[in-house]
Amino acid sequence: MKPEARAEFFRILRDANPEPKSELDYATPYELLVAVVLSAQATDKSVNLATRKLYPVANTPSALVALGEEALREAIKTIGLFRTKAKNVIALSRMLLEEHGGEVPRTREALEKLPGVGRKTANVVLNVAFGEPTMAVDTHIFRVANRTGLAPGKDPLAVELKLLKVVPEEFRLHAHHWLILHGRYTCLARSPRCGQCPVYGPCGFKDKAKFAAPAAPKRSRLPK
DNA sequence: ATCCCGAGGG
DNA sequence: CCCTCTGGAT
């Protein structure tokens with residue numbers, strides 16, 4: 001995608017949604033961190049359903065450690081990968097208490113040392129909780145960046161670096177949310193809704209016309 | 001490359 | 001039935 005098309009792409013998404021927010025429910029950096037860890041390979045809705053009940057009971061490192069891994073596992077049982085996530089959230093909370101005064105660290109290095117926190121999760125926390133213009137490349141952004149030609153790359157890290165290079169400065173802070181929301185509601189994984197896509201113009205998807213066309217008229221085998 | 005892993009949609 | 005959902009650790 002050419003520079004002018006990229007700018008047009010983001011102008012359109014920005015004008016439709018000037019102040020995009022995360023769809024994960026959270027009130028503090030810690031609540032956000034835990035929600036993002038829980039969100040791996042799960043929908044925001046399923047995570048919110050669990051945290052809505054969990055956070056009133058325990059929403060700090062000390063409270064979750066006190067709650068214990070077994071109880072936490074039960075609380076998040078409706079989310080996928082719940083055994084691994086429960087273990088990681090407890091271990092991560094202990095580490096916050098022991099090494100960070102119970103606070104969520106603000107550096108990528110410290111965040112990535114936490115169990116269950118990799119590059120993508122660290123980027124989300126840095127962007128959403130601390131206002132840094134990072135590019136957290138998740139399943140949606142990886143797909144959108146490649147399909148549209150906005151920032152093609154063979155793996156998430158390549159796409160992240162490409163995005164940091166080509167997204168105009170004025171769009172960097174919110175690019176993460178514009179792209180993820182576009183992927184979630186319009187540029188769907190299996191059947192993208194090109195027919196009602198706001199960035200159909202600048203998009204470079206080869207088969208966009210195919211997905212934009214109304215359902216192919218059924219060929220009657222008994223014409224007339 | 002594989003495992004973990006429930007819920008919702010098609 | 002199959003695919004997808006704000007991945008990370010081994």
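You'll find the structure just up there.
These numbers were taken from a predicted model, which means no experiment stands behind them. (Residues numbered from 1 in each chain as written. Chains lettered and ligands numbered in written order. Predicted model: local features only at pLDDT ≥ 70, side-chain atom pairs only at ≥ 80, totals over all residues. Heavy atoms only, no water.)

(A) The arrangement of the pattern of salt bridges in detail. Overall, the coordinates contain 11 salt bridges when judged by the stated rule. As a salt-bridge pair, Asp15 and Arg14 come within 3.5 Å of each other at their nearest N and O atoms. For Arg14, a relative accessible area of 26% corresponds to the partly exposed category. Here Arg184 and Glu23 are joined by a salt bridge, their closest N and O atoms 2.4 Å apart. Residue Arg184 is found in helix 11 (residues 169-185), and its partner Glu23 is found in the loop between helix 1 (3-16) and helix 2 (29-38); the two are separated by 161 residues along the sequence. Owing to a relative accessible area of 31%, Glu23 belongs among the partly exposed residues under this scheme. Taken together, the salt bridges that share partners define one network made up of Glu4, Glu8 and Arg11. (Salt bridge = Lys/Arg side-chain N within 4 Å of Asp/Glu carboxyl O. Buried < 20%, exposed > 50% of the residue type's maximum accessible area, 1.4 Å probe, protein only. Helix = DSSP H or I, 4+ residues; strand = E, 2+ residues; numbered from the N terminus.)

(B) Looking closely at the environment of Asn59. Examined against the element boundaries, Asn59 turns out to sit in the loop between helix 3 (44-54) and helix 4 (61-67). Sequence separation between Asn59 and Val34 is 25 residues; the distance between their C-alpha atoms is 9.0 Å. When neighbours within four sequence positions are excluded, Asn59 is seen to be in contact with Tyr30 and Glu31. (Contact = heavy atoms within 4.5 Å.)

(C) Up close: the protein's contact with DNA strand C. DNA strand C sits among 28 residues. The nearest are Gln41, Asp44, Thr121, His140 and Arg143. Here DNA strand C approaches the protein such that, of its atoms within 4 Å, sugar and phosphate make up 65%. Between DNA strand C and Ser22, the relevant distance is 3.1 Å, taken from a base oxygen to a side-chain nitrogen or oxygen of the residue. Counting residues per element, the ones that place at least two in the surface near DNA strand C are helix 8 (119-128), helix 9 (139-148) and helix 11. Among the residues forming the surface near DNA strand C, the class breakdown is nine nonpolar, 11 polar and eight charged. (Near = heavy atom within 4 Å. Polar contact = N/O pair within 3.5 Å; in protein donor to acceptor, adjacent residues only side chain to side chain. Nonpolar A, V, L, I, M, F, W, Y, C, P; charged D, E, K, R; others polar.)

(D) Local environment of the nonpolar core. If you look at the biggest cluster of nonpolar residues, it comprises 35 residues, and the most contacted ones within it are Leu33, Leu64, Leu72, Leu92, Val104, Leu111 and Val117. Listed by contribution, the elements that provide at least two residues to this core are helix 2, helix 3, helix 6 (82-99) and helix 8. At eight residues, helix 2 tops the list of elements feeding residues into this core. (Core = buried A, V, L, I, M, F, W, Y, C linked by side-chain atoms within 4.5 Å.)

(E) Structural detail: the state of the cysteines. Inspection of every chain in the model, using the stated rule, returns zero disulfides. A disulfide-free cysteine, Cys187 has its sulfur positioned 6.4 Å from the sulfur of Cys203, the nearest such atom. Unpaired in this structure, Cys194 has its nearest cysteine sulfur neighbour in Cys197, at a distance of 6.2 Å. On the basis of relative accessibility, which here comes to 10%, the residue Cys194 falls in the buried class. (Disulfide = S-S within 2.5 Å.)

(F) Quick peek at the packing of helix 9 against helix 11. Direction vectors running N to C along helix 9 and helix 11 enclose 85°, while the axes themselves pass 8 Å from each other. Taken together, the axes of helix 9 and helix 11 are roughly perpendicular relative to one another. Here His140, Ile141, Arg143 and Val144 of helix 9 lie close against helix 11, whose contacting residues are His176, Leu179, Ile180, His182, Gly183 and Arg184. Its residues assigned to classes, the contact of helix 9 with helix 11 comprises four nonpolar, four polar and two charged. (Axes fitted to C-alpha atoms, helices over the stretch in contact; angles between N-to-C directions. Parallel < 35°, antiparallel > 145°, perpendicular 65-115°, else oblique.)

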